[in-house]
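Chain by chain, the residues:
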Amino acid sequence: MSQAKRLYELQAVDHEIEVKENALRGVEAGLGQRDALERVQALIQAQQQALDDLKRRLHHQEWELEDLTTKIAALEERLYSGRITNPKELSSLQHEVELLKAQRSRTEDRALELMAAVDKAKEGLAARHQELDRAEKQWQAEQAQLRSQQAQLREALAALRQSRHSLGQQVDSAHLTLYETLKAKKQGQAVARVEQGMCRGCRISLPTHLLQEARQRVAQCTSCHRILYLD
Ligand SMILES: [Zn+2]
C-alpha cells in the first residue's frame, strides 16, 4: 500500500473519529438532562399553589357562612321570642335579618363558585401529574437509549483509535507531520483524491508529470498543496 493511500485511509479514519466524537458529545449532553421534566414539575408547583389559594378562599367563605347563620339565628330568636314589643325595634330587627340573609346568599354564591373552581383546579392538577408520569417514563426510555448509544460510540471510537494508531505507524513520520499540518490548515482535508487528472481538493487539472510523481511517492497539489492520492 502506498504512503498516499495509507494517508488517505488515515484521513477517512480521522474523519470518522471526529463524526463519532461529535455524536458522543451530543449524547452525553443529553444524559441527565431533565429540563423537560423540570418544566412540568414547575407547572405542578404553580397549579398546586393556585389550588391551595382557592381552598383557603373557600374556607374563608365557609367560616363567613357559619358566622352569618349564627348571627341570623340569634336575631330571629330575639325577633320571635315575644320579648320585643316595640314595633319600631321589631321592624329594625326584621330589616337587619333581611340584610344578613342577603349577605349570606351572596356568600353562598361565592362559595359555590369557589367549590367549582377548586374542582376544576384539582382536575387540572391530576392531569398534570399524569403528564409528569408520562414524561418521566419517556425520559427513562430516552436515557436508556442514550446510555446504549454512548456505549456503542465509545466502543466504535476505541476501535477507530486503534486503527488510527496502526495506520499511523505505517506512515513515515515526515509524511505524518505533513498530513497533520495540512489537516489543520485544510479543515481536516489533507489528502485529495485525484480523478480524471483533477485534484478533488481544489478541482484543478494536474500536469502529467505531477500525476506520475504522485503514483510513485507522496506529492502535493501545486494549487492547494494537499497530498495527492491516485487509485
Ligand atoms: Zn488541489
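K.L.:
Looking at this structure, I do not really get the packing of aromatic side chains. What am I missing?
P.N.:
One pair of aromatic rings is described through two measures. These are the centre distance and the angle between the planes. In total, this model carries one aromatic pair according to the counting rule given. If you follow arginine 34 out to its NZ or CZ, it ends over the ring of tryptophan 139, 4.7 Å from the centre.

K.L.:
For this particular structure, what's the right way to read the coordination of the zinc ion?
P.N.:
Ideal geometry at a metal gives 109.5 degrees between four tetrahedral donors and either 90 or 180 degrees between six octahedral ones. Listed as protein donors to the zinc ion are Cys199 (SG), Cys202 (SG), Cys221 (SG) and Cys224 (SG); their distances from the metal cover 2.3 Å. Between the four donor atoms coordinating the zinc ion, the angles at the centre fall across 103 to 113 degrees, so the site counts as tetrahedral. Linear spacing of the donor residues for the zinc ion on their chain is C-x2-C-x18-C-x2-C. Classification of cysteine 224 as buried rests on a relative accessible area of 6%.

K.L.:
Just to check I follow, could you spell out the pattern of salt bridges for this structure?
P.N.:
When the charged atoms of two side chains with opposite charge come close together, those side chains can pair. Summed over the entire model, instances satisfying the criterion amount to 17 salt bridges. Residue glutamate 16 is joined to lysine 20 by a salt bridge in which the shortest nitrogen-to-oxygen separation is 2.7 Å. With glutamate 16 and lysine 20 both in helix H1 (residues 3-30), this residue pair falls four residues apart, about one helical turn. On the accessibility criterion, glutamate 16 (31% relative accessible area) is partly exposed. A salt bridge links lysine 71 to aspartate 67; its shortest N-O distance comes to 3.7 Å.

K.L.:
Can you help me understand helix H5 (residues 208-216) in this one?
P.N.:
Side chains three or four residues apart in an α-helix point the same way, a direct result of the helix having 3.6 residues per turn. Burial in H5 covers these residues: Leu210, Leu211 and Ala214. Summarising the axial view, the buried residues of H5 lie within an arc of 100 degrees, below the 170-degree limit, and thus occupy one face. The exposed residues of H5 that point more than 90 degrees off its buried face are Thr208, His209, Arg215 and Gln216. At its buried positions, H5 is contacted by strand E1 (191-195) and strand E3 (227-229).

K.L.:
Got a minute to help me understand the domain arrangement of the chain in this structure?
P.N.:
Segmenting the chain into domains produces domain 1 (3-169) and domain 2 (173-229). Here the C-alpha centre of domain 2 lies 61 Å away from the C-alpha centre of domain 1. Taken together, the contacts link 10 residues of domain 1 with 14 residues of domain 2. Of the roughly 1,100 Å² buried between domain 1 and domain 2 on both sides combined, carbon and sulfur atoms contribute 60%. Considering only the side of domain 1, the residues that lose the most area to domain 2 are Leu7, Tyr8 and Gln11, jointly responsible for 51% of the buried surface there. Among the ionic pairs, glutamate 180 bridges to arginine 164, the shortest N-O distance being 2.7 Å. On the surface where domain 1 and domain 2 come into contact, there are eight residue pairs in polar contact (both at pLDDT 80 or more). Residue assignment for the side of domain 1 that touches domain 2 shows that the elements contributing at least two residues are H1 and helix H3 (87-169). Tallied by class, residues from the side of domain 1 that touches domain 2 come to four nonpolar, three polar and three charged.

K.L.:
Explain the side chain of arginine 6 here, please?
P.N.:
In this fold, arginine 6 is placed in helix H1. Here arginine 6 sits buried without a salt bridge, and the closest side chain of opposite charge, glutamate 9, lies 6.8 Å off (N-O distance). Not counting residues up to four positions away in its chain, the partners in contact with arginine 6 are Met1, Leu167, Gln170 and Val171.

K.L.:
I keep staring at the layout of surface pockets and nothing clicks. Help me out?
P.N.:
Of the volumes computed, that of the largest pocket is approximately 160 Å³. With six residues, the single largest contributor to the lining of the largest pocket is H1. When the residues that make up the lining of the largest pocket are grouped by side-chain class, the tally is two nonpolar, five polar and three charged.

K.L.:
Is there a simple way to think about the pairing of E1 in this case?
P.N.:
Along any regular strand, the residues point their side chains to alternate faces of the sheet. Where E1 and E3 come together, three bridges link them in parallel fashion. Across the sheet, residue alanine 192 finds its bridge partner in E3, namely leucine 228. Linking E1 to strand E2 (residues 198-199), which pair antiparallel, is a turn of two residues; within it glutamine 196 sits at a positive phi near 50 degrees.

Thresholds applied
Residue numbers run consecutively from 1 along every chain, following the written order of its sequence. A pLDDT threshold of at least 70 governs which residues receive local features in this predicted model, and a stricter bar of 80 or more applies before side-chain atom pairs are shown or counted, although totals over entire chains, interfaces and linings include all residues. Hydrogens and water molecules were not included; the side-chain quantities draw on all heavy atoms of the structure. Within 6.5 Å between ring centres, the rings of Phe, Tyr and Trp (the latter by its six-membered ring) count as paired, and their orientation is classed by plane angle as stacked under 30 degrees, edge-to-face over 60, tilted in between. For a ring to carry a charge above it, either NZ of a lysine or CZ of an arginine must fall within 6 Å of the ring centroid while also lying within 35 degrees of the normal to the ring plane. For Na, K and Ca the donor cut-off is 3.2 Å; for every other metal, N, O and S atoms count as donors within 2.8 Å. Water does not enter the count, which can leave sites looking incomplete. Every angle between 85 and 135 degrees makes a four-donor site tetrahedral, while opposite donors more than 155 degrees apart, with all other angles between 65 and 115, make a four-donor site square planar and a six-donor site octahedral; other sites are irregular. Here's how the labels work: a residue is buried when its accessible area is under 20% of the maximum for its type, exposed when over 50%, partly exposed in between, all with a 1.4 Å probe on protein chains only. Put simply, a salt bridge is a Lys or Arg side-chain nitrogen that is within 4 Å of an Asp or Glu carboxyl oxygen. Only DSSP runs of H or I reaching four residues or more are called helices, and only runs of E reaching two or more are called strands; each is numbered from the N terminus. The arc refers to the directions leading from the helix axis to the C-beta atoms. Residues count as neighbours in contact if any of their non-hydrogen atoms are within 4.5 Å of one another. Residue ranges labeled as domains rest on an automatic or database domain assignment. Summed over both partners, the accessible area lost on bringing two parts together, with a 1.4 Å probe, is the buried area. For this analysis, a polar contact is any N or O atom pair within 3.5 Å, provided that within protein one partner can donate a hydrogen and the other can accept it, and provided that sequence-adjacent residues contribute only side-chain to side-chain pairs. Residue classes follow a fixed rule: Ala, Val, Leu, Ile, Met, Phe, Trp, Tyr, Cys and Pro count as nonpolar, while Asp, Glu, Lys and Arg count as charged, and any other residue, Gly among them, counts as polar. Under this rule, positive means Lys or Arg and negative means Asp or Glu; His and the chain ends count for nothing. A cavity here means a set of 1 Å grid points, computed over protein atoms only, where a 1.4 Å probe fits but cannot escape. A pocket is an open set with protein on both sides within 12 Å along at least 5 of 7 lines, and lining residues have an atom within 4 Å of a point. Grid points are joined across faces, edges and corners, and a volume is the space filled by probe spheres set on the points. DSSP calls a pair of strands paired once it identifies at least 2 bridges connecting them.

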